[in-house]
Amino acid sequence: MTGAQAARLPERLKNAQKTWHKLKLISLQTLFRAVTLIASEPLALQSSEPIYTDFARNVQVKIMNSTEWQKIKEIFNKAIDLPEAERAAFLEKHDEIIIEKVKNLLKANEDANDFIVESAFVDVGLIDENETDLYIGKQIDDYKILEEIGHGGMGTVYLAAKRDESFEKKVAIKLIKRGMDTNAVLKRFVLERKILAGLENPNIASLLDGGSTEDGLPYLVMELVEGVPVTKFCDLNQFSIEERLELFRKVCSAISYAHQNLVIHRDIKPSNILVTKDGIPKLLDFGIAKLLHPDWSLETDEATATMFRLMTPEYASPEQIRGLPITTASDVYSLGVVLYELLSGERPYKIESRLPQEVANIILTEEPIRPSLVVSPKSKVQSPKSKAGTLTYEGQETVGQKTNPQSTIHNPKSLRGDLDNIILKALRKEPERRYQSVQEFSEDIRRHLAGLPVTATADTTFYRIGKFIQRHKVGVLTTVSVSLLLLLTTTFAVWQAVRANEERARAERRFAETRKIANSLLFEIHDSLKDLPGATASREILVNRALEYLDTLSQEADDNPELLYELAVAYRKVGEIQGDPYFSNLGQSSTAVQSLQKAFEIQEKLVKSKPENIDLQRQIGLTTFQLGDNYYLTQNNFDEALKYFRRSQTAYKIVASAEPLEGKWKSALAVRYVRSASVLSKKSEYAAANDDFKNAQKLNDEALAMSPENLYVLASCSEIYTSIGNNLGNPDYNDLGKTDEALEVLQKALSIRKKISEKEPNNTLYKNFLGITLKDLGDVYLAKGDVAGAIENYRESLTIHQTIAGKDAKDALAQGTVGYDLTKLGNALLANGELENALKNHEQSVAILEKLHLGDTENDMFSYTFAFSLEGLGNALKAKKDYSKGLIIYKRSVEILEKLNSKASNTEFEIKIAQLHFKLGQTRQLLYNSNTANENLCQEAKTDFQKSVEIFAKIQNLTALSPTNAAIFSQAKQGAENIKCEK
């Protein structure tokens, strides 16, 4: 003993005497709770200290029959939990005699509130109160202690550093607490070191070193795990249920490894499962682990350790609570509690008690609620809530504490069923009814993640079929009726897979059923939706779904002509939806041509094998007709368009000859002649065009005579009248004197189309054609100089087309038609002197048509109408004398048209380009006149006039110019000759 220690000895003896008095003045609160514990559970008597047991029995005899004492105890228990500010008000509600006794108990409790708070070694003065962590800053062998990072029942864990020559390594060192170095604790500590030394697993914190301090205390050097508890890690990273289960399986792997090495952990809880920032779980704290090895005697080390009964009650298994022999099933139970909390955010039991024995009673007697009910928003189950001053134990999680519910609450459906059963099986109170190993527990989770049946759920036939269906889900996007059909097909296929014994018969049945559904989609449901407003998106889903089936079947059917016929029809209808210029479409012109070409190739093969088959001729006539329309209007390829129109005419001549009394076939053939005539006009082959128009008119008259009320005949007739009227009224190709004749023909077309639309009010196609005829009439009125008549017809056309477009946002044709109508109306308003209204219409038109143009740059029809709308906007800006902006708009318009003309030159494009160069020259000249300093504008204006002259001269060599274009040609020549750029 040093001199300093000898000097302090009297003071230490005084402290020892003080401690002895404390031992006699046991806290009254602790005492009567011990009495309650003894009365409620005889098992508690077996593990209590004898001196307290005898005393408690004596007290129990005196108080058990006392009503007054029961009342005092009840009030005391409630008052002790209240804050000081609320306690007085609470006590005033009760009898004065009882209040006085309760106050005495409260005062006695406060006087004794430091009972055994500190180690007895501190009390007697052998260790100073401020010297409880003498190791911080000290060196233990090669390690320097930096700070405390945790403590438990037997030891304290420090952050330490080991410095080598090149670097400093951070580790965790675990030491026996001062005052806890009894033989039993030392043996337990040595046992932990032996356990850790035998465990090498990536998910178990590694033992790096070990030894003893200078004063003989053993220590462990362990891997420093920088992480957070597994529940908190999953919440912070917002893990899904699947991600939580995968992480949990890694923890199971570590526990299984320990079990294989004959070690039971016995204290599994979230705070002993840390997850690093890399997502690697690490299992900690084997301080109360038990070895299963037969060399360990229950009468030596293990018997001593067991006496400590160390555990975390809310994670402990029932057999741990009872003090029964522990097996690997105990770790299975604790893992079940962790998984319950990980998936639901709650613990299995609602624990509000302050007494250890009451906590134990709950765990031993109550059944856990299904996790899916805990997370259900409709569940009436209350979340466990902890009270102030909730009783805690060394290394224990706070009773009733929850993880963050905002991160862990999931759809109850995700937990219902297999996960409920898996967790509850792990939480069975009888060890033999739990999973027999952690590996079996983990395997059931794996099977759940893979969609396979699990052992925790009764293995019924319907259960296995349900799991099979979950693993083979097929998403179906279609209308309710189609979804039902596909569901029936899927169910039928699953039934076949389970019950069929003959593979060939099963395949044949599936082939027939799938083909039946595809045909239903194509010929029944699709056709019923075809002409309904807003049906474009639904038609796309239907036909694409049918095409998927037919593409698959075509690989199995080889050259089956019936199946090839159906496949060709599907391709044609897909092409129609993708980009037919006369029907509601998705604006996918290039893709539409590809689909139609596939249909044509199949049909051409079928027709060659059976040329007498009228239905095949009709189908190839439809496909080639649509190909001609696409090449004509969207691809600007007149030669290809004419080729397919002629092929369609050939097919329909055969059809009309086979059924001479059917007027609709003559009408169909007439429409095909009108189309070829239009193409020939574009190619400036006017003589051939007139011949085709005459053929169309003759066939049309015959059809009307045969079937005057047939809607198809009437629709074809109106289309023929419209085409002829447009040809007569086009100022770029004809004499203005023919506008009266054009007006008469178009009025006939309008009358027919109004009649058809009244009979079929929900048919989008007929309404669209009615609007087009009104627009054509507006063109003729404008050409005649009747601006008011033009505005009236343009506005009526615009109203019809806006209604159609408003019901189907995906219909590119409808949107483009609205944009075109706005341009036409803007031109008429400008001619009427309504400059601001004209400008507003042109700006709206450009916005709509630019979007379509950019969405399908291969669609020449969209490109042309966009260029046309730009020209209209340029005209309005020029009239407003905003020459700079007008110049930009005109340039963009002519660039688009020149690009179109470079793909396939035609007279219409060249005339429009010549007109635009003349307007560019005019605009540059006007801008030059307002800014004489820019001589480049003058030279560019002269160049534009010269380009316009060159193009008109080229066209004039092929055909006579219309009066309108002849006048522009003359003005362009004057502009090129008269403009003077010298200042």
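Residues numbered from 1 in each chain as written. Predicted model: local features only at pLDDT ≥ 70, side-chain atom pairs only at ≥ 80, totals over all residues. Heavy atoms only, no water.

## Here's the deal with the overall build of the protein
Then, number 1: Regarding its fold elements, the protein presents 42 helices and 11 strands.
Then, number 2: By the burial criterion, 50% of the 983 residues in the protein qualify as buried.
Then, number 3: A fraction of 65% describes how many contacts in the protein between residues 6 or more apart in sequence connect residues 24 or more apart.
Then, number 4: Accessible surface computed for the protein: about 47,500 Å², of which carbon and sulfur atoms make up 52%. (Helix = DSSP H or I, 4+ residues; strand = E, 2+ residues; numbered from the N terminus. Buried < 20%, exposed > 50% of the residue type's maximum accessible area, 1.4 Å probe, protein only. Contact = heavy atoms within 4.5 Å. Areas by Shrake-Rupley, 256 points an atom, 1.4 Å probe, with all protein chains shown as cover.)

## Some thoughts on the packing of aromatic side chains
Then, number 1: One pass over the full model with this rule turns up 12 aromatic pairs.
Then, number 2: Between Phe625 and Phe645, the aromatic rings sit 5.9 Å apart at their centres with planes inclined by 55°, giving tilted as the arrangement. Within this pair, whereas Phe625 is found in helix 28 (residues 614-634), its partner Phe645 is found in helix 29 (residues 638-658), the two being separated by 20 residues in sequence. Comparing Phe625 with Phe645, the two get one shared label, buried.
Then, number 3: Taking the centre distance of 5.7 Å and the plane angle of 5° together, the rings of Tyr631 and Tyr644 count as stacked. Taken together, the positions of Tyr631 in helix 28 and Tyr644 in helix 29 put the pair 13 residues apart, joining distant regions of the chain. Residues Tyr631 and Tyr644 agree in their burial class; the two are buried.
Then, number 4: These aromatic residues form a ring-pair network of at least three members: Phe248, Tyr435 and Phe441. (Phe/Tyr/Trp six-rings, centres within 6.5 Å; stacked < 30°, edge-to-face > 60°.)

## A few points about the sheet that holds strand 1 (residues 139-140)
Then, number 1: If you trace the 6 strands from one edge of the open sheet to the other, you get 1-2-3-4-6-5, paired in antiparallel fashion. Taken across any chain shown, the strands that pair with only one partner, and hence form the sheet edges, are strand 1 and strand 5 (207-212).
Then, number 2: Both strand 2 (residues 143-151) and strand 3 (residues 155-163) contribute to a ladder of 7 bridges, which runs antiparallel. Paired with Ile145 across the strands is Ala160, a residue of strand 3. (Pairing = 2+ DSSP bridges.)

## Quick word on the confidence of the model for the protein
Then, number 1: Of all residues in the protein, 70% attain a pLDDT of 70 or more, and the chain-wide mean is 77.
Then, number 2: Confidence drops under pLDDT 50 across residues 12-65; counting only partners more than four residues distant or on other chains, this segment forms 57 contacts.
Then, number 3: The low-confidence segment residues 112-132 (pLDDT under 50) makes 32 contacts with residues lying over four places distant or belonging to another chain. (pLDDT = per-residue confidence, 0-100.)

## As for the sheet that holds strand 7 (residues 227-229)
Backbone hydrogen bonds hold the strands of a sheet together, and the pairing may be parallel or antiparallel.
Then, number 1: Strand order across the open sheet formed by 3 strands is 7-9-10, with antiparallel pairing between neighbours. Looking at which strands have only one partner, the edges of the open sheet turn out to be strand 7 and strand 10 (281-283). Across the sheet, the mean angle from the axis of one strand to that of its neighbour is 35°, orientation sign disregarded. (Axes fitted to C-alpha atoms, helices over the stretch in contact; angles between N-to-C directions.)

## Section: the nonpolar core
Side chains that are nonpolar tend, in soluble globular proteins, to be buried together.
Then, number 1: Among the nonpolar cores identified, the biggest contains 76 residues, and Ile602, Leu627, Val679 and Ile720 are the most heavily contacted of them.
Then, number 2: No other element matches the 10 residues that helix 30 (residues 663-682) contributes to this core.
Then, number 3: Apart from the residues within four sequence positions on either side, Ile720 is in contact with Ala670, Val671, Val674, Ala696 and Asn700. (Core = buried A, V, L, I, M, F, W, Y, C linked by side-chain atoms within 4.5 Å.)

## Observations regarding the pairing of strand 6 (residues 218-223)
Then, number 1: Of all 6 residues making up strand 6, 5 are buried, and the element is well covered by its neighbours.
Then, number 2: The sheet contact formed by strand 4 (residues 168-176) and strand 6 spans 5 bridges and is antiparallel. The residue bridging Val171 from the neighbouring strand is Glu223, located in strand 6.
Then, number 3: Relative to strand 6, strand 5 runs antiparallel, the two being bridged by 5 bridges. In the strand pairing of strand 6, Gly210 is matched with Leu220.
Then, number 4: What sits between the antiparallel neighbours strand 5 and strand 6 is a turn of 5 residues, in which Gly216 has the positive phi angle 90°.

## Examining the environment of Asn793
Then, number 1: Along the polypeptide, Asn793 turns up in helix 35 (residues 787-806).
Then, number 2: Residues Asn793 and Gly778 lie 15 residues apart in sequence; the distance between their C-alpha atoms is 5.1 Å.
Then, number 3: If near-sequence neighbours (up to four positions away) are discounted, Asn793 is found in contact with Leu774, Leu777, Gly778 and Tyr781.

## A few points about the pattern of salt bridges
Then, number 1: What the rule picks out here adds up to 31 salt bridges.
Then, number 2: Across the pair Arg370 and Asp420 runs a salt bridge whose closest N-O atoms are separated by 3.8 Å. Here the residue Arg370 occupies a position in the loop between helix 16 (356-365) and helix 17 (371-375), and Asp420 occupies one in helix 20 (residues 418-426), the gap between them amounting to 50 residues.
Then, number 3: When its relative accessible area of 36% is taken as the criterion, Arg370 is described as partly exposed. (Salt bridge = Lys/Arg side-chain N within 4 Å of Asp/Glu carboxyl O.)

## Things to note about the packing of helix 37 (residues 835-855) against helix 38 (residues 860-879)
Then, number 1: Contact geometry of helix 37 with helix 38 gives a least axis separation of 9 Å together with a crossing angle of 155°. On the basis of the axis angle, helix 37 is roughly antiparallel to helix 38. The two elements helix 37 and helix 38 cross, and the hand of that crossing is left-handed. Between helix 37, through Leu835, Leu839, His842, Glu843, Ser845, Val846, Leu849, Glu850, Leu852 and His853, and helix 38, the contact on the second element is made entirely by Phe862, Ser863, Thr865, Phe866, Ser869, Leu870, Gly872, Leu873, Ala876, Leu877 and Ala879. (Parallel < 35°, antiparallel > 145°, perpendicular 65-115°, else oblique. Left-handed = near helix turned anticlockwise from the far one by under 90°.)

## Some words on the packing of helix 41 (residues 935-958) against helix 42 (residues 963-978)
Then, number 1: Here helix 41 crosses helix 42 at 140°, and the two axes come no closer than 8 Å. Taken as axis vectors, helix 41 and helix 42 run oblique relative to one another. In this structure, helix 41 crosses over helix 42, and the sense of that crossing is left-handed. In this structure, helix 41 uses Lys942, Phe945, Gln946, Ser948, Val949, Phe952, Ala953 and Gln956 to contact helix 42, whose residues at the interface are Asn965, Ile968, Phe969, Ala972, Lys973, Gly975 and Ala976.
Then, number 2: Here the residues of the contact of helix 41 with helix 42 are counted per class, giving 8 nonpolar, 5 polar and 2 charged. (Nonpolar A, V, L, I, M, F, W, Y, C, P; charged D, E, K, R; others polar.)

## Regarding helix 36 (residues 812-831)
Then, number 1: The end-to-end C-alpha distance of helix 36 is 29 Å, a good match for the 28 Å that 20 residues give at a rise of 1.5 Å each.
Then, number 2: In terms of burial, helix 36 is a largely internal element, 15 of the 20 residues being buried.
Then, number 3: One side-chain oxygen of the residue at the start of helix 36 lies 3.1 Å from the amide nitrogen of Leu813, identifying that residue as Asp811.
Then, number 4: Note on helix 36: the residue one or two positions beyond its end, Gly833, has a positive phi of about 85°. (Expected span 1.5 Å × (residues − 1). Polar contact = N/O pair within 3.5 Å; in protein donor to acceptor, adjacent residues only side chain to side chain.)

## Things to note about helix 32 (residues 711-729)
Then, number 1: End to end, helix 32 covers 27 Å across 19 residues, agreeing with the expected 27 Å (1.5 Å per residue, within 8%).
Then, number 2: Burial within helix 32 is extensive, with 15 of its 19 residues counted as buried.
Then, number 3: Between a side-chain oxygen at the N-terminus of helix 32 and the backbone nitrogen of Tyr712 the separation is 2.9 Å; the capping residue is Asn710.

## Side note on a negative patch on the surface
Then, number 1: A surface patch of like charges, here negative, comprises Asp141, Asp142, Asp164, Asp209 and Glu214.
Then, number 2: Asp209 sits in the partly exposed class, given a relative accessible area of 31%. (Patch = residues over 30% accessible without salt bridge, like charges linked within 9 Å, V, L, I, M, F, W, Y side chains within 5 Å. Lys, Arg positive; Asp, Glu negative; His and termini not counted. Charge placed at Lys NZ, Arg CZ, Asp CG, Glu CD.)

## Observations concerning the side chain of Thr623
Then, number 1: Note that Thr623 resides in helix 28.
Then, number 2: For Thr623, a relative accessible area of 0% puts it in the buried group.
Then, number 3: Other than its neighbours up to four places away in sequence, Thr623 contacts Arg572, Leu596, Ala599, Phe600 and Gln603.

## Quick notes on unusual backbone geometry
Then, number 1: Notably, Asp141 is not glycine yet its phi reads approximately 55°, a positive angle.
Then, number 2: Counting through the fold element by element, Asp141 comes out in the loop between strand 1 and strand 2.
Then, number 3: You can call Asp141 partly exposed: its relative accessible area is 49%.
Then, number 4: Even without a glycine there, the phi angle at Arg266 is positive, about 75°.
Then, number 5: Assignment of secondary structure puts Arg266 in the loop between strand 8 (263-264) and strand 9 (273-276).

## Some remarks on the side chain of Thr817
Then, number 1: Here Thr817 shows up in helix 36.
Then, number 2: Look at Thr817 and you get buried, because its relative accessible area is 13%.
Then, number 3: Within the local environment of Thr817, its side chain forms a polar contact with the backbone oxygen of Leu813, the two atoms lying 2.7 Å apart.
Then, number 4: Apart from the residues lying within four places of it in its own chain, the contact partners of Thr817 are Asn768 and His801.

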